[in-house]
Amino acid sequence: MSSSASEFLRLRLAAEQYSKLARVGNAGLNSFVARYVELCQPDRVFVCSDTPEDVEAIRQAALRDKEEGSLATPGHTFHFDGIHDQARDRKNTRLLLPQGVELGSHFETLDRDSGLADIAKQLDGIMRGHTMYVRLVCLGPSNSPFTILAAQLTDSAYVTHNEDLLYRRGYQEFLRRGPDAEFFRFVHSAGELENAVSKNVERRRVFIDVTDNVVYSVNTQYGGNSIGLKKLAMRLAISKASEEGWLCEHMFIMGVHGPGQRRTYFTGAYPSLCGKTSTSMLVGETIVGDDIAYIRSVGGEMRAVNVEKGIFGIIQGVNEQDDPILWGALHSPGEVIFSNVLVTEAGRACWIGRGTPPPDRGVNHAGEWFPGKRDASGKEVPPSHPNARFTLELPLLENVDPLLDDPAGVPVAGVIYGGRDSDTWVPVEEAFDWVHGIITKGASLESETTAATLGKEGVREFNPMSNLDFLSVPVGRYVQDNLRMGEGLAQPPRVFSVNYFLRDEDGGWLNAKSDKRVWLKWMELRTHNEAETIRTPSGLIPRYEDLERLFHQVLGKEYRRDDYVKQFMLRIPESLAKIERIMDIYCNQVLETPKIVFEVLELQRERLLIAQAHHGDYVAPETLAAY
Ligand code: SPV
Ligand code: MN
């Protein structure tokens, strides 16, 4: 089979392209490429061997095929996805399950045999008239025990250009690991195009075959659906991690800078559009990654690597004042891809929340745009899509962390869980210990929905570890995997929750965007036992005096006691209602829930009920301090 695959490729590919595959000499890779060349029937195959010439050829192809256009700043380009292809398509993203395998509710699944038959039909001849790009990639730093190899086949130069900025190149790593190297496999086709945009989005499919470690994505270009190495690879990695005893998390990794030049590493899981990227690149701190982490216990220490080396981040709300470092990178020469933004006649990218008035006119993913433009239903059309994004390499940011590419990863001292929560969690709180944190914070994470996925916004959704969309094992097993990680550690990281989205009775925000800088500094101190806390029924919260000092030091701002009281008030009815919801989900919708989840939640409920009996529904932090 493998020699026939290689023979097929030798005859089918241009000699120069074939020789790049032959040099790798990986029989599994040859069969994979041969199979999909035969099925998809591209006019040409381009194998990227990661030389500067090959990489440049892909950039040029994206421009030539009009998947991207140039902007005025050197190195900047833009791309539009179709009007109905602007976010992750949860509904049509299916895990292919062999007979007898069950995952529980919360998963979109499909019988494996019918899924494979359907996708083979969709892929049949789909690349006619197009080029297939073959790209080899490292998920994780080169030469690292954390790292998984991957091969992506796609007919979109835009997708592979994105991947070039987001992932470490893998051609050399394939050579280093030898002809038997294992790897994840991704097949993508944008399908038929109209104005360089996927035309048949109603036949969009993203099928994940964990059994064979292959992901198929067709009739879509939006990065979250098409960049196989991003969220699609997570499903494969989570299964592998669950079997092998490590974790693949939807987490940023950052160095928080403490007293005396100390750098303490944190990971943080927040659902999309909840401040994950903006936290990870805060001024004064250093960024290792903003989206996906592989985490292992190494010699009793929890260590993490960034699976990526770039950012595919949300651009809405990025402004000079709140995001000075990112702002600088987005306004300087360098390689940046803007997607679904507004493009002006002068070749500038604009977006909602940029902090500057919109231009008189421009073009966006929906066509010509001008202020006051209305859609067919009479609704005003915003200049850019709320899920418009930018792609860039992390080293374009001046605060990139020096350990970004360290093959040993960074030691993790704290894990943060954050959701979009208008009325329950306090702005920052530490768990009593690893198990309490994983259960009452990570596994209990909920968030109000955002524009990052198709569907209605503002609905409270269960999203354990902000990883629900990307799981491929039953939720209960995944929670158990997280609990188990703590067991093997000499000193498990501290676990925290944050909530940037608390509102007052009138719907106004209770915190400023910049307050998160203070919460990080407080958490950093906590990991070194350098701040006292107040013990509440749900965890450990900061004392006013420490926050007052930190607000001064970090933001040069006065922090009023009455603001503290409003923000850190224990909200007992809401907290109890949350436990009720979460217990119900783990009891009725989740498979393989570990018993300890119920025990820990039940104890928390009892503590809350006792506090309620003593102090009423809403309890000021200082009442709890005395109690
Ligand atoms: C997210 O939505 O969580 C992202 C972008 O990081 S996507 O690639 O769409 O998943
Ligand atoms: Mn993400």
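Residues numbered from 1 in each chain as written. Chains lettered and ligands numbered in written order. Predicted model: local features only at pLDDT ≥ 70, side-chain atom pairs only at ≥ 80, totals over all residues. Heavy atoms only, no water.

### Let's talk about the sheet that holds strand 19 (residues 301-306)
Sheets are built from strands paired through backbone hydrogen bonds, the pairs being either parallel or antiparallel.
Then step 1. Spatial strand order, 14-18-19-27: four strands in an open sheet with antiparallel pairing. Of all strands in the sheet, those with a lone pairing partner are strand 14 (247-249) and strand 27 (410-411), marking the two edges.
Then step 2. For strand 14 and strand 18 (residues 293-298), the ladder comprises three bridges, and the chain directions are antiparallel. Paired with L247 across the bridge in strand 18 is I295. (Pairing = 2+ DSSP bridges. Helix = DSSP H or I, 4+ residues; strand = E, 2+ residues; numbered from the N terminus.)

### Comments concerning the packing of helix 17 (residues 572-588) against helix 18 (residues 595-615)
Then step 1. Two elements in contact, helix 17 and helix 18, have axes separated by 10 Å at closest approach and are oriented at 160°. Here helix 17 is positioned roughly antiparallel relative to helix 18, judged by the angle of their axes. Judged by the twist between their axes, the crossing of helix 17 over helix 18 is left-handed. Counting all contacts with helix 17, which are made through I572, S575, L576, I579, E580, I582, M583, Y586 and C587, the residues of helix 18 involved are V597, F598, L601, E602, Q604, R605, L608, L609, A611 and Q612.
Then step 2. Split by residue class, the contact of helix 17 with helix 18 holds 13 nonpolar, three polar and three charged. (Axes fitted to C-alpha atoms, helices over the stretch in contact; angles between N-to-C directions. Parallel < 35°, antiparallel > 145°, perpendicular 65-115°, else oblique. Left-handed = near helix turned anticlockwise from the far one by under 90°. Contact = heavy atoms within 4.5 Å. Nonpolar A, V, L, I, M, F, W, Y, C, P; charged D, E, K, R; others polar.)

### Comments concerning the nonpolar core
Then step 1. Judged by nonpolar contacts, the single largest core of 143 residues is most densely connected at L139, Y294, L330, F338, L397, W519 and M523.
Then step 2. Counting residues per element, this core draws most heavily on helix 9 (residues 228-244), at eight residues.
Then step 3. Among all residues touching M523, those that are not within four sequence positions of it are F266, I416, V428, F496 and V498.
Then step 4. Core analysis: the second largest hydrophobic core is formed by 37 residues, L21, I126, M127 and F183 among them. (Core = buried A, V, L, I, M, F, W, Y, C linked by side-chain atoms within 4.5 Å. Buried < 20%, exposed > 50% of the residue type's maximum accessible area, 1.4 Å probe, protein only.)

### Overview of the environment of K66
Then step 1. Assignment of secondary structure puts K66 in the loop between helix 4 (52-64) and strand 2 (69-70).
Then step 2. Looking at K66, the relative accessible area reads 64%, which means it is exposed.
Then step 3. For the pair K66 and A157, spaced 91 residues apart in sequence, the C-alpha separation works out to 9.7 Å.

### Quick word on the domain arrangement of the chain
Then step 1. Taken domain by domain, the chain holds domain 1 (2-68 + 81-244), domain 2 (248-309 + 404-624) and domain 3 (312-394).
Then step 2. Between domain 2 and domain 3, the C-alpha centre-to-centre distance is 30 Å.
Then step 3. Counting from both sides, the interface comprises 13 residues of domain 2 and, opposite them, 14 residues of domain 3.
Then step 4. Roughly 1100 Å² of surface becomes buried between domain 2 and domain 3 when both sides are summed, with 66% attributable to carbon and sulfur atoms.
Then step 5. Interface area lost by domain 2 to domain 3 is led by M281, K309 and K513, which between them contribute 38%.
Then step 6. Where domain 2 meets domain 3, there are two salt bridges.
Then step 7. D322 is the salt-bridge partner of K513, the closest N and O atoms lying 3.6 Å from each other.
Then step 8. On inspection of domain 2 and its partner domain 3, the count reaches two residue pairs in polar contact (both at pLDDT 80 or more).
Then step 9. Ranked by residues supplied to the side of domain 2 that touches domain 3, first place goes to strand 17 (residues 286-289) with three residues. (Domains from an automatic or database assignment. Buried area = accessible area lost by both parts, 1.4 Å probe. Salt bridge = Lys/Arg side-chain N within 4 Å of Asp/Glu carboxyl O. Polar contact = N/O pair within 3.5 Å; in protein donor to acceptor, adjacent residues only side chain to side chain.)

### Re the sheet that holds strand 21 (residues 336-339)
Then step 1. Spatial ordering of the open sheet is given by 2-3-21-26-20, a layout of five strands whose pairing is mixed. Where the open sheet ends on each side, the last strands, each with one partner, are strand 2 and strand 20 (310-314).
Then step 2. In the sheet, strand 20 pairs with strand 26 (residues 389-393) via five bridges, with the strands oriented antiparallel. Of the residues in strand 26, the one forming a bridge with G310 is E393.

### Focus on the pattern of salt bridges
Then step 1. With the rule as written, the count across this model stands at 52 salt bridges.
Then step 2. Residues E446 and R581 are paired through a salt bridge, measuring 2.8 Å at the closest nitrogen-oxygen approach. Here E446 is found in strand 30 (residues 446-448), whereas its partner R581 is found in helix 17, with 135 residues between them in sequence.
Then step 3. For R581, a relative accessible area of 27% translates into the label partly exposed.

### Digging into the site of ligand 1
Then step 1. Near ligand 1, the surroundings consist of R88, Y222, G224, K230, K231, H250, S272, D291, F312 and R389.
Then step 2. Here an oxygen atom of ligand 1 sits 2.6 Å away from a polar atom, N or O, in the side chain of K231.
Then step 3. With respect to ligand 1, the side chain of H250 contributes an N or O atom lying 3.2 Å from an oxygen atom.
Then step 4. Coverage of ligand 1 by the protein amounts to 97% of the 280 Å² it exposes when considered alone.
Then step 5. A class-by-class count of the residues in the shell around ligand 1 yields two nonpolar, three polar and five charged. (Near = heavy atom within 4 Å. Areas by Shrake-Rupley, 256 points an atom, 1.4 Å probe, with all protein chains shown as cover.)

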